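Chains, contacts and geometry: an overview
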Amino acid sequence: MGTPRATTEPSYNSSPTRSVRPLSNPERRYPFTNPPAAADYRTLRPKRQELGLVEVNAAVGLGVSTAKISLAARGHVHDAAFLTAYETWPNSAA
């Protein structure tokens, strides 16, 4: 191991007055919020249970995982197309 190679460029890590990149423009900042659920998720589980179907039936019928069915029933899925399909699926499956 030799000595470090000398450069003509200043070392930004050791300079106390180093230039720091400014933050992004404040007008471009938006709060991080989740979009609202497209369908009324509170009706998804009761409709499914009235027909005697379980999450596995819904998952197979819609081609998704049981986790996504559970998330949708709790209001954590914001995909409007999927929620509409899940809302109308029990009527088409019965």
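Refer to the structure printed above.
Throughout, residues of each chain are indexed from 1 in the direction in which the sequence is written. This being a predicted model, a pLDDT of at least 70 is required before a residue's local features are given, and a value of 80 or more before pairs of side-chain atoms are given or counted; all residues contribute to the totals for chains, interfaces and linings. Heavy atoms from the whole structure form the basis of all side-chain values; hydrogens and water molecules are not counted.

**Re the overall build of the protein**
Per the secondary structure count, the protein includes four helices and zero strands. When the helices and strands of the protein are listed from N to C terminus, the series reads α-α-α-α. Relative accessibility decides the category of a residue: with a 1.4 Å probe and only protein chains considered, values under 20% of the type maximum give buried, values over 50% give exposed, and everything between is partly exposed. Relative to its full complement of 94 residues, the protein shows a buried share of 17%. Across the protein, the fraction of contacts at a sequence separation of at least 24, relative to all contacts at a separation of at least 6, is 54%. Using the Shrake-Rupley algorithm and a 1.4 Å probe, accessible areas are obtained, with residue cover drawn only from the displayed protein chains. Split by element, the accessible area of the protein, about 7700 Å² in all, is 55% carbon and sulfur. Helix numbers and strand numbers start at the N terminus; a helix is a DSSP run of H or I with at least 4 residues, a strand a run of E with at least 2. Every residue pair with non-hydrogen atoms within 4.5 Å of one another is taken to be in contact.

**Quick notes on the nonpolar core**
We define the nonpolar core as a collection of buried residues of types Ala, Val, Leu, Ile, Met, Phe, Trp, Tyr and Cys that are connected through side-chain atoms lying within 4.5 Å of one another. Formed by L44, A58, A59, I69, A72, V77, F82, L83, Y86 and W89, the largest nonpolar core amounts to ten residues. Sorting the residues of this core by element identifies α2 (55-62), α3 (66-73) and α4 (80-93) as the ones contributing at least two each. Look past the residues within four positions of A59 in its chain and what remains in contact with it is V64, S65, T66 and I69.

**Description of the side chain of R48**
Mapping R48 onto the fold places it in helix α1 (residues 44-50). One buried charge, R48, has no salt-bridge partner; the nearest side chain with opposite charge is E55, at 4.1 Å. Definition of a polar contact: a pair of N or O atoms within 3.5 Å, with one able to donate and the other able to accept a hydrogen when the atoms are protein atoms, and with sequence-neighbouring residues admitted only if both atoms are side-chain atoms. A distance of 3.1 Å separates a polar side-chain atom of R48 from the backbone oxygen of L53. Neither His nor the chain ends is counted toward charge; the positive residues are Lys and Arg and the negative residues Asp and Glu. The salt bridge definition used is simple: a Lys or Arg side-chain nitrogen within 4 Å of an Asp or Glu carboxyl oxygen.

**Quick notes on the environment of T43**
Mapped onto the secondary structure, T43 falls in the segment before α1. Sequence separation of T43 and A73 is 30 residues, and the distance between their C-alpha atoms is 8.0 Å.

**Brief notes about α3**
Within the sequence span of α3, burial applies to I69, S70, A72 and A73. All buried residues of α3 project into a common sector of 160° when viewed along the axis, lining one side. Phi turns positive one or two residues past the end of α3, at G75, with a value near 85°. By construction, the arc corresponds to the directions joining the helix axis to the C-beta atoms.

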